[in-house]
Amino acid sequence: MADTTRVTLAEIAAEAGVSLATMSKVLNGRTDVSPATRARLEEHLARHGYQRRASAQRSEFVELVFHELEPIWSMEVIEGVEDVAHAAGLSVVLTVSGDRHSPAPDWIDGVLRRRPVGVVLVFSDLEATYREKLRSRGIPFVIVDPAGDPSPDVPSVGSANWSGGLMATRHLIELGHHRIAAITGPEDMMCSLARVDGYRSAMNAAGLPIDPELIRFGDFHPGGGEHHGRELLALPDPPTAIFAGSDLQALGVIAAGSAAGLRVPDDLSVVGYDDIALSRWMSPQLTTVHQPLRRMGEEATRLALRLADGATADTLRMDLATHLVVRDSSAPPPAR
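Now for a description of the structure that goes with this document. (Residues numbered from 1 in each chain as written. Predicted model: local features only at pLDDT ≥ 70, side-chain atom pairs only at ≥ 80, totals over all residues. Heavy atoms only, no water.)

Moving on to the packing of helix H5 (residues 105-114) against helix H6 (residues 128-136). For the pair H5 and H6, the least separation of the axes is 11 Å and the interaxial angle reads 5 degrees. On the basis of their axis angle, the class for H5 and H6 is roughly parallel. Contacts between H5 and H6 involve Pro105, Trp107, Ile108, Val111 and Leu112 on the former and, on the latter, Tyr130, Lys133 and Leu134. Among the residues forming the contact of H5 with H6, the class breakdown is seven nonpolar, no polar and one charged. (Axes fitted to C-alpha atoms, helices over the stretch in contact; angles between N-to-C directions. Helix = DSSP H or I, 4+ residues; strand = E, 2+ residues; numbered from the N terminus. Parallel < 35°, antiparallel > 145°, perpendicular 65-115°, else oblique. Contact = heavy atoms within 4.5 Å. Nonpolar A, V, L, I, M, F, W, Y, C, P; charged D, E, K, R; others polar.)

Structure follows, in structure tokens:
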């Protein structure tokens with residue numbers, strides 16, 4: 001448990017056996033401090049519950065961090081963050097770092113030097129050591145969470161993935177499909193599991209058998225959709241409908257159907273997830289689950305700015321509703 005007795009930086013530096021100048025370098029994210037000394041000082045700061053006053057590090061930008069930039073998908077989040085930041089008179093700095101679980105280790109030192117007003121991260125979670133360092137410097141952070149299940153004490157904005165999978169599958173069942181496949185995302189991402197759980201719930205509620213061979217874990221990209229689509233359509237008893245788990249995977253599924261000589265939706269129905277702008281320009285237009293990516297970016301930025309101003313969050317977790325958008329890629333199954 002942290003010692004919250006009010007102490008000065010000079011006292012913490014003296015306790016750690018370093019100069020106040022060295023302590024200042026660590027607080028400002030300078031690189032000219034040995035890793036061992038930095039770790040020791042971070043431990044002392046955390047133990048005393050030291051938090052830098054937000055007003056002392058106020059800058060003029062919000063930092064938005066992705067692990068990768070998928071242009072079509074990422075732009076929805078970027079535009080949401082920019083709208084709120086610009087309305088507050090701030091700019092946005094875009095950083096790409098790490099993998100889908102967390103930023104790379106060198107990112108934390110960089111952000112401590114840059115000292116943004118707040119940080120919005122598109123990741124599954126943020127490592128505990130990173131969280132403590134940001135909090136000790138008074139840098140608020142919020143996770144935009146389409147992908148994971150952050151720790152309970154991490155401010156985050158997500159969406160209702162289970163409901164989305166349920167709605168997509170119910171729609172196909174109501175059209176008359178019984179042989180329905182699901183291609184979700186990576187197996188280590190909570191949103192992938194939630195969407196396929198929604199699929200299972202809809203199948204169970206309708207009294208339809210769930211064939212494990214029809215459930216695939218993809219990568220949310222077109223290549224994964226095409227790969228699994230080809231395998232599913234080559235089965236002795238192929239599906240008449242596929243819930244693709246993302247709009248980009250749906251693109252790959254449609255390509256796999258075309259390669260197999262199938263027409264969408266006459267021979268194969270396809271439902272995506274996200275409702276990216278491209279889904280309205282595809283031929284046929286894609287039936288999909290609308291995930292409010294832009295609004296997720298907006299709400300995460302609003303929350304980060306409120307925290308930067310010293311407000312307390314009413315709730316650390318906000319899940320935005322999803323809804324089904326019915327277009328041209330889904331239809332009743334072909335007569336057999």
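All right, on to the pattern of salt bridges then. Counted under the stated rule, the structure contains 18 salt bridges. Of the charged contacts, one joins Arg131 and Asp153 as a salt bridge, the two residues approaching to 4.0 Å between their closest N and O atoms. Pair noted here: Arg131 is in helix H6 and Asp153 is in the loop between strand E4 (141-145) and strand E5 (156-159), with a separation of 22 residues, a long-range link. Accessibility expressed as a relative area gives 34% for Asp153, which makes it partly exposed. Between Glu231 and Arg216 there is a salt bridge; the shortest N-O distance is 2.6 Å. (Salt bridge = Lys/Arg side-chain N within 4 Å of Asp/Glu carboxyl O. Buried < 20%, exposed > 50% of the residue type's maximum accessible area, 1.4 Å probe, protein only.)

Turning our attention to the nonpolar core. With 34 residues, the main nonpolar core has Ile180, Tyr199, Leu232, Ile242, Val253, Leu268 and Val270 as its most contacted residues. Among residues more than four places away in sequence, those in contact with Tyr199 are Gly165, Leu166, Thr169, Ile180, Ala181, Ala182, Ile210, Leu214 and Ile215. (Core = buried A, V, L, I, M, F, W, Y, C linked by side-chain atoms within 4.5 Å.)

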